[in-house]
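Letter by letter, the chains look like this.
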Amino acid sequence: MAQETILVIDDEKEIRDLIGIYLTNEGYTVLKAADGIEGLQYLEENNVHLVVLDIMMPRLDGIHACMKIRESRNVPIIMLSAKSQDMDKIMGLTTGADDYVTKPFQPLELVARIKSQLRRYLRLNQTDGSPQATTVQQQDVISIDELVINIPTHEVKVDGKDIKLTPREFAILELLARNPGVVFSTEKIYEQVWNEPFYESENTVMVHIRNLREKLENNPRKPRYIKTVWGVGYKIEQ
């Protein structure tokens, strides 16, 4: 059974309770908060592995709560919203969310997305401190010019400066960096990183690529690392 703790932040008690029932049945520990301020307090007091975050809430909405979380944590964040327009999705992803689920949603689909996010997050952050683990970490570092990616520790540096990435951003960067010179279409990136079939998800990938460039590049309009191959996709050159 799972041991991870999931924080559900939503001002609708029925939604919190519904999600809580499904996640508890999967073995997760579930914390519930009615707004962003209460959610941030839970984060300070507990070891949370993933956040399910509603956008429209009183006191502190999901967008601003997401921004506050990203100031100090890289835990996966799944946004919930009754809005389904592309711009609303882009806003959520731009502020640091890893995924976006539109209300009304199928609880089992949300659970599947949560499991997918947790698998990647826990794999990227799993270290045991043993000498063998240290050796693996030393071997699993990718350097491209001034960009250094430590896969096991989920650390990224550019010109010696630490760069904070969300789990999705890191996964995209890892995919491209592990395959230098290979061009990945938005469809292929989505299927590889999200582990689900591509369906009208081009904007999702594009927003994450844009976020990556904003964080990695001195001039995002003239990227040094993540190159666009027009009409085909994206690549990193060694």
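Rules used throughout
- Residues numbered from 1 in each chain as written.
- Predicted model: local features only at pLDDT ≥ 70, side-chain atom pairs only at ≥ 80, totals over all residues.
- Heavy atoms only, no water.
- Pairing = 2+ DSSP bridges.
- Helix = DSSP H or I, 4+ residues; strand = E, 2+ residues; numbered from the N terminus.
- Axes fitted to C-alpha atoms, helices over the stretch in contact; angles between N-to-C directions.
- Patch = residues over 30% accessible without salt bridge, like charges linked within 9 Å, V, L, I, M, F, W, Y side chains within 5 Å.
- Areas by Shrake-Rupley, 256 points an atom, 1.4 Å probe, with all protein chains shown as cover.
- Salt bridge = Lys/Arg side-chain N within 4 Å of Asp/Glu carboxyl O.
- UniProt positions renumbered as here; feature names shortened; annotations may be inferred.
- Buried < 20%, exposed > 50% of the residue type's maximum accessible area, 1.4 Å probe, protein only.
- Contact = heavy atoms within 4.5 Å.

Let us now look at the sheet that holds strand 2 (residues 29–33). In space, the five strands of this open sheet follow the order 2-1-3-4-5, with parallel pairing throughout. Taken across any chain shown, the strands that pair with only one partner, and hence form the sheet edges, are strand 2 and strand 5 (99–102). Across this sheet, the average inter-strand angle for adjacent strands is 20 degrees, counted without regard to direction. Judged from the four bridges that link them, strand 3 (residues 50–54) and strand 4 (residues 77–81) form a sheet pairing that is parallel. Each residue of the ladder has a partner; that of D54, found in strand 4, is L80.

Together, L18, I21, Y22 and L108 give the surface a local cluster of nonpolar side chains, amounting to about 360 Å² of exposed area. The topology assignment puts Y22 in helix 1 (residues 13–25).

Annotation from UniProt places "modified residue: 4-aspartylphosphate" (unreviewed entry) at D54. Note that D54 resides in strand 3. Residue classification places D54 among the buried residues on the basis of a relative accessible area of 3%. With near-sequence residues (within four places) excluded, D54 lies in contact with I9, D10, D11, G62, L80, S81 and K103.

Each neighbour pair has its own omega, and for K103 with P104 the value is -5 degrees, a cis peptide bond. On the secondary structure map, P104 appears in the loop between strand 5 and helix 5 (107–124). The phi dihedral of H154 falls on the positive side, at around 60 degrees, and the residue is not glycine. By secondary structure assignment, the location of H154 is in the loop between strand 7 (147–150) and strand 8 (155–158).

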